[in-house]
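# Survey of secondary and tertiary structure
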Amino acid sequence: MPAVTFLPGFRKISVEPGSTILDAAQKAQIHMNVVCGGEGKCGKCIVFLKSGRVDFDRKKFGRFFSPGEIDEGACLACQTVPLDDVQVFVPENSLIQEQKILIDARGIETEFNPAVWKYALELAPPSLEDPSPDLTRLLWGIEKSGGPRENKIYVPLEVIRRIPAVLRESGWKITGTVTLVPGGYRLIDVEKGDTSGNLYGAAVDLGTTTIVVYIRSLIDGEVVGVASNYNKQISCGEDILSRVNYARKGGLSHLQSLAAESINDALTSAANNAGIDLDDIYEVVVAGNTIMTHILMGINPAYMIEEPYVPVVKRYLTSSASRAGIAVKEDAGLFIFPAVSDYIGGDIIADVLASGMTESEEVSLLIDIGTNFEVVLGNSDWMFSCSGAAGPALEGGEVLFGMRANPGAIEEVSLDMETLVPEYRTINQIKPKGICGSGLIDLLAELLRACIIDRTGRINTSISHERVRTGRYYPEFVVAWKHDTGIEKDIVVTENDIKNLIMSKASILAACITLMNQAGIRREDISNIYFSGAFGNYINKENAIIIGLIPEVPPEKIKNIGNGAIEGANIALLNRKKRKVLDEIARTMAYIELNAEPSFMDEYTRSTFLPHTDLAQFPMVEELLESCRIRRD
Amino acid sequence: MPMKVDIISEWTGEIGEVTIGATKKEGGSRCAAIVIGGGSGFPFLGGSAPGRKPLIAFEFCDDPKLWSPIVTELEGDVVNDAGDWAARVEELHRPDLLRFYLTSTRRRGFQDFSQLRRTVEEVLERSTLPLIVEGSIDPAIDSETFLCCGEAGEGERLLLGTAEEGRYRSVAAAAMAYGHSVIAQSPIDVNLAKQLNILLRETGVPHDRIVIDPYTGALGYGFEYSYSAMERIRFAALKGDEDLAMPMISSAIDSLNIKEVREADPGQRGEMAVKWELYTAVSSVIAGASVVCVRHPETIVPLRSAIDSLWGKTGGGD
């Protein structure tokens with residue numbers, strides 16, 4: 001069996017003949033960047049062969065490398081099969097890095113109605129005069145302390161088995177924990193002594209890329225710990241479809257355990273920071289997209305990506321956390337958000353809950369831009385939703401120097417309109433390594449303002465300026481010179497990158513307009529546009545309108561709800577009454593299948609223009625661009 | 001009993017007009033300055049002003065190797081000299097306009113711009129009809145080619161082709177510098193047609209110097225898409241969209257290469273080509289084209305008679 005040694009860490013792993021270097025990396029727990037899921041399409045998993053022989057088609061994939069990189073033995077890990085023992089060097093850029101993950105939920109205002117209670121009891125020991133059984137004694141005690149009626153509480157066998165010892169060893173001073181379950185209550189734990197102060201719950205946002213957890217006291221609702229983490233499933237493919245494909249090829253249980261592991265890691269670090277024990281977490285509420293929640297629950301997601309795209313479950317699910325492998329209190333409750341469809345999952349319902357758009361008659365538009373995009377339009381009476389693939393460009397994929405929001409990513413850019421010199425800010429203020437989504441949106445808007453690109457995104461190569469040049473394949477604009485960057489290459493944005501970005505933004509705008517047309521809503525009727533997801537938090541609102549990512553509304557109507565998924569999960573954790581609202585949202589929301597909507601393609605083509613082919617829909621942008629043109633002439 | 005249907009339109013827009021060709025008086029050398037476009041309705045849809053009667057342009061070129069042998073064999077040696085060919089077309093085939101393709105620029109590494117200029121000048125000398133000139137299709141030589149054509153035809157109010165989304169600056173620049181108009185071609189889509197017109201407008205080409213080419217597939221080879229795109233362009237214009245209110249040009253040139261023509265019995269190949277070109281062109285006229293272009297000389301007579309009989313005395317109005 002060939003062995004692969006990964007440098008610089010010298011981790012060595014043996015693999016079956018025919019396995020790729022990426023397979024080896026996964027086995028060695030080295031989390032590589034695989035945007036395309038290992039199909040040789042994204043060029044992000046570059047490794048350098050230091051010794052040994054491999055099978056790799058350098059001609060076919062040569063476009064991903066610079067000549068210097070080819071000389072150093074560049075290969076794509078996912079397309080390279082070691083023929084004997086090899087050593088490969090993994091550059092930092094090919095690894096998944098610490099990312100800017102949105103964790104701050106806004107101060108949540110919701111009634112405090114948790115679904116778990118602890119009752120500290122001092123019970124009278126049994127006697128000949130009072131011979132009632134241990135369990136009855138315990139349940140009566142709970143009822144007398146203001147808890148549910150004795151006959152409404154179900155008690156699992158495992159708990160009953162522990163009761164006699166706990167009662168007697170503690171001298172009849174115990175704490176019982178009761179949780180709300182469908183149709184009644186459940187006694188999930190009996191502990192010695194008074195532990196009623198140790199009652200916590202966890203809210204989890206299970207994203208395709210990242211996981212965020214909040215640990216809250218279920219006595220007063222306070223946040224005690226927060227942590228975030230990558231979804232470890234990334235090593236099985238970055239986008240959601242590659243995960244489903246992985247599950248289809250027999251990888252479901254592996255994905256399930258990676259999801260649980262990722263949640264456990266985040267919970268552990270949040271609990272450690274808070275100085276609490278994971279065993280004191282008695283309920284876990286998870287909001288995630290439909291595929292993620294299916295996978296977490298070990299339910300086959302395969303049928304969601306085939307016609308007619310049906311999920312196995314849409315309703316909310318309750319179970320015990322341990323059955324999903326979540327390492328909190330044994331038998332702690334697990335609440336999984338409901339879904340509307342394959343693509344409108346619990347994360348979007350959480351967004352809607354967090355935005356408050358169901359509580360008002362004002363019409364709001366909610367947009368979640370992540371690995372895929374989802375759009376919801378509606379108010380307290382009605383709601384339309386749709387979803388689509390925006391392509392990876394806004395997350396840095398299919399863009400030559402695109403990257404995720406990792407340290408070194410240019411996240412903000414402006415151009416000096418006279419000198420065309422860019423001024424940028426990078427994440428963590430280090431030398432730039434690439435450009436992330438918010439930076440790309442800024443760039444597009446600024447290049448348009450400066451008339452360097454036209455409305456289809458073509459670079460005007462007749463501009464004579466050192467930053468406007470023709471690269472190996474496409475015209476390009478130099479954002480940062482080699483000597484200013486952290487990667488020893490000029491960072492450029494090419495015409496092809498811009499084209500990909502325009503396709504991404506066009507599908508989002510077209511989805512918004514399609515929903516608006518379906519509902520008979522004009523842009524003037526929209527009172528709020530909510531951005532949720534990590535992306536919405538960092539983008540420049542005006543620039544998003546200038547490029548036509550969203551319909552033109554006065555910028556003050558655009559609000560970031562931050563990570564709506566974690567916020568919604570927090571609300572549901574603290575206020576069980578909102579769980580009913582979730583179900584109602586899931587039932588009333590209509591889902592528009594864009595693929596089945598004939599006007600969508602037309603609207604998409606109209607939207608592949610900056611900002612849109614119907615300029616009358618963007619009056620403020622038109623005025624602005626007109627003044628830019630006049631200034632240039 | 002026949003039912004009378006009153007068509008009540010709420011159209012407010014009008015199709016703009018474009019002038020092609022300049023007479024001696026106007027500083028050119030053409031026999032006429034032709035105005036195309038105009039109108040505030042659809043052709044053959046009673047009750048509205050359909051605009052002017054559609055015109056026929058005949059297409060020829062300066063490098064016959066890239067032309068259909070059906071045409072070059074019929075035309076004979078004259079195809080080897082663009083001037084001679086132009087003169088013959090005017091005298092024998094009698095179209096309304098000429099559309100001259102500089103196919104010589106489509107050779108790899110073409111650089112002979114002085115010859116190109118002489119060719120355009122010669123065609124202008126040997127002809128009198130208003131002229132459409134089709135330049136290169138390679139961004140690398142577009143700038144010089146169109147500059148050449150534009151300059152050689154200065155004062156003649158040529159119609160220059162072809163601007164496309166990815167390469168419109170050179171042809172637009174030449175048109176503006178030397179007073180010509182531009183054909184704006186987009187791939188069978190009303191939105192893409194509009195986008196290109198906006199781009200041209202923003203480059204400085206005024207609306208009355210743009211002719212839309214929505215791209216025409218041969219009948220049976222996607223023509224229904226062209227028809228629908230043309231109809232939608234016209235509808236949008238009539239509803240007041242100024243960025244689409246230009247006359248349209250349509251060229252059924254794919255007709256000569258389709259399977260039915262290629263595989264026809266050699267003795268009937270010409271006839272088949274004429275039929276296919278004719279039906280496609282007539283369909284384009286019905287869809288709203290102001291200029292229809294053909295390549296087979298024998299298409300012109302039946303096409304003219306079809307247009308005349310369809311149009312009638314009232315210009316297709318009633």
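Because the structure is a prediction, the values reported are computed rather than measured. (Residues numbered from 1 in each chain as written. Chains lettered and ligands numbered in written order. Predicted model: local features only at pLDDT ≥ 70, side-chain atom pairs only at ≥ 80, totals over all residues.)

### Here we look at the overall build of chain B
Helix and strand counts for chain B stand at 10 helices and 10 strands. In terms of C-alpha radius of gyration, chain B reaches 19 Å, essentially the compact-globule figure of 20 Å for 318 residues. Projected onto its principal axes, the C-alpha coordinates of chain B cover approximately 65 × 50 × 35 Å. Expressed as a percentage of the 318 residues in chain B, the buried residues total 51%. In chain B, the share of contacts with a sequence separation of at least 24, taken over all contacts with a separation of at least 6, comes to 69%. (Helix = DSSP H or I, 4+ residues; strand = E, 2+ residues; numbered from the N terminus. Rg over C-alpha atoms; globule rule 2.2 N^0.38 Å. Buried ≥ 20, exposed ≤ 12 C-beta atoms within 10 Å, placed from the backbone. Contact = placed C-beta atoms within 7 Å.)

### A short note on the overall build of chain A
Secondary structure assignment for chain A yields 16 helices and 29 strands. Radius of gyration (C-alpha) of chain A: 27 Å, near the 26 Å computed for a compact globule of 633 residues. Dimensions of chain A, computed from the C-alpha atoms along their principal axes, are close to 100 × 65 × 45 Å. Intrachain contacts of chain A at a sequence separation of at least 6 include 69% that bridge at least 24 residues.

### Overview of unusual backbone geometry
In the segment running from Glu307 of chain A into Pro308 of chain A, the intervening peptide bond is cis, with an omega of -5°. Its location among the elements puts Pro308 of chain A in the loop between helix 7 (290–296) and strand 16 (317–320). Looking along the chain, the bond that leaves Gly161 of chain B and enters Thr162 of chain B is cis, with omega of 0°. Inspection of the secondary structure puts Thr162 of chain B in strand 6 (residues 159–163). Despite not being glycine, Glu398 of chain A shows a phi value in the positive range, around 55°.

### A short note on the packing of helix 8 (residues 346–355) of chain A against helix 14 (residues 577–588) of chain A
All names here are of chain A. Contact geometry of helix 8 with helix 14 gives a least axis separation of 10 Å together with a crossing angle of 115°. Relative to helix 14, helix 8 is oriented so that their crossing is right-handed. Contacts between helix 8 and helix 14 involve Ile349, Val352 and Leu353 on the former and, on the latter, Lys578, Val581, Leu582, Ile585 and Ala586. Class assignment for the residues of the contact of helix 8 with helix 14 results in 7 nonpolar, no polar and 1 charged. (Axes fitted to C-alpha atoms, helices over the stretch in contact; angles between N-to-C directions. Left-handed = near helix turned anticlockwise from the far one by under 90°. Nonpolar A, V, L, I, M, F, W, Y, C, P; charged D, E, K, R; others polar.)

### Remarks on the environment of Lys559 of chain A
All names here are of chain A. Relative to the elements of secondary structure, Lys559 occurs in strand 28 (residues 558–562). What makes Lys559 partly exposed here is the crowd of 16 C-beta atoms within 10 Å. Sequence separation between Lys559 and Phe531 is 28 residues, and the spatial gap between their C-alpha atoms is 6.2 Å. The residues touching Lys559, leaving out its near neighbours within four places in the chain, are Asn528 and Tyr530.

### Focus: the interface of chain B and chain A
At the junction of the two partners, chain B supplies 11 residues and chain A supplies 11 residues. Of the residues forming the side of chain B that touches chain A, the biggest block, 7 residues, is contributed by helix 6 (residues 190–203) of chain B. Each residue belonging to the side of chain B that touches chain A can be placed in one class, and the counts come to 3 nonpolar, 3 polar and 5 charged.

### Things to note about the sheet that holds strand 18 (residues 363–369) of chain A
Residue and element names in this part refer to chain A. The 6 strands lie next to each other as 28-27-18-19-20-29, forming an open sheet whose pairing is mixed. Two strands lie at the open edges of the sheet, namely strand 28 and strand 29 (590–591), each paired on one side alone. Taken together, the 6 bridges between strand 19 (residues 373–378) and strand 20 (residues 383–388) define a ladder with antiparallel strand orientation. Residue pairing across strands places Leu377 opposite Phe384, the latter belonging to strand 20. (Pairing = 2+ DSSP bridges.)

### Quick word on the nonpolar core
Ranked by size, the top nonpolar core spans 171 residues in total, and within it Val204, Val213, Val284, Val286, Ile435, Val479 and Ala569 of chain A carry the most contacts. At 14 residues, the largest contribution of residues to this core is made by helix 6 (residues 240–274) of chain A. The contact partners of Val204 of chain A, leaving out residues within four places of it in the chain, are Ile211, Val213, Ile263, Val284, Val285, Val286 and Ala569 of chain A. Listed in part, the 92 residues of the second largest apolar core include Ile70, Leu196, Val294 and Ile300 of chain B. (Core = buried A, V, L, I, M, F, W, Y, C linked by C-beta atoms within 7 Å.)

### Considering helix 15 (residues 598–607) of chain A
Each α-helix turn comprises 3.6 residues. Residues three or four places apart therefore point the same way. Of all the residues in helix 15 of chain A, the buried ones are Phe600, Glu603, Tyr604, Arg606 and Ser607 of chain A. Here the buried residues of helix 15 of chain A occupy an arc of 160° about the axis, which is enough to place them on one side. (Arc of directions from axis to C-beta.)

### Comments concerning the sheet that holds strand 24 (residues 468–470) of chain A
Residues and elements named next belong to chain A. Pairing in this open sheet of 3 strands is antiparallel, and the strands run 24-25-26 from one edge to the other. Of all strands in the sheet, those bounded by a partner on one side alone are strand 24 and strand 26 (491–494). Direction aside, neighbouring strands of the sheet carry axes that sit 40° apart on average. Summarising the sheet, strand 24 and strand 25 (residues 475–480) pair through 3 bridges and their orientation is antiparallel. Each bridged residue has a counterpart across the sheet, and for Arg469 the counterpart in strand 25 is Glu476. Helix 10 (residues 495–519) rests against strand 25 and strand 26 of the sheet, and its axis sits at about 60° to strand 26.

### Quick notes on the domain arrangement of chain A
You can read the domains of chain A as domain 1 (3–94), domain 2 (116–192), domain 3 (223–336), domain 4 (364–389 + 505–630) and domain 5 (393–501). Averaged C-alpha coordinates put domain 2 of chain A and domain 4 of chain A at centres separated by 50 Å. (Domains from an automatic or database assignment.)

### Considering the packing of helix 10 of chain A against helix 15 of chain A
Residue and element names in this part refer to chain A. Interaxial distance between helix 10 and helix 15 falls to 8 Å at its minimum, and their mutual angle equals 130°. In terms of orientation, helix 10 and helix 15 fall into the oblique class. Crossing angle aside, the handedness with which helix 10 passes helix 15 is right-handed. Across the interface between the two elements, Ala506, Ser507, Leu509, Ala510, Ile513, Thr514 and Asn517 from helix 10 touch Ser599, Phe600, Glu603, Tyr604 and Ser607 from helix 15. (Parallel < 35°, antiparallel > 145°, perpendicular 65-115°, else oblique.)

### Thoughts on the confidence of the model for chain B
Within chain B, residue pLDDT values average 92, and 95% of them lie at 70 or more. Of the two predicted TM-score estimates for the complex, the pTM is 0.81 and the ipTM is 0.86. (pLDDT = per-residue confidence, 0-100.)

### Description of the pairing of strand 22 (residues 422–426) of chain A
All names here are of chain A. Where burial is concerned, the two faces of strand 22 differ: the one with Pro422, Tyr424 and Thr426 is buried and the one with Glu423 and Arg425 is not. Looking at chain direction, strand 21 (residues 409–415) and strand 22 are connected through 5 bridges and run antiparallel. The residue of strand 22 that forms the bridge with Ser414 is Glu423. Connecting the antiparallel pair strand 21 and strand 22 is a turn made up of 6 residues, with Leu420 showing a positive phi of about 65°.

### As for the environment of Lys557 of chain A
Residue and element names in this part refer to chain A. For Lys557, the location among the structural elements is in the loop between helix 12 (541–546) and strand 28. Separated by 31 residues in the primary sequence, Lys557 and Ile526 have C-alpha atoms spaced 8.4 Å apart. In this structure Lys557 touches Ile526, Ser527, Asn528 and Ile529, once residues within four positions along its chain are discounted.

### Looking at helix 6 of chain B
With 14 residues, helix 6 of chain B should cover 20 Å at 1.5 Å per step; its first-to-last C-alpha distance of 20 Å lies within 8% of that length. Judged by how many residues are buried, helix 6 of chain B sits mostly within the fold: 10 of 14 residues are covered. When helix 6 of chain B is considered as a whole, its buried residues turn out to be Val190, Asn191, Leu192, Ala193, Lys194, Gln195, Leu196, Asn197, Leu199 and Leu200 of chain B. Those residues of helix 6 of chain B that are buried lie in contact with helix 15 of chain A together with strand 6, helix 5 (169–178), strand 7 (181–185), strand 8 (210–213) and helix 7 (223–238) of chain B. (Expected span 1.5 Å × (residues − 1).)

### A few points about the environment of Glu90 of chain B
Residue and element names in this part refer to chain B. On the secondary structure map, Glu90 appears in helix 2 (residues 82–93). When the C-alpha atoms of Glu90 and Gly204 are compared, they prove to be 34 Å apart, with 114 residues separating the residues in sequence. Setting aside its immediate chain neighbours within four residues, Glu90 contacts Ser127, Thr128 and Leu129.

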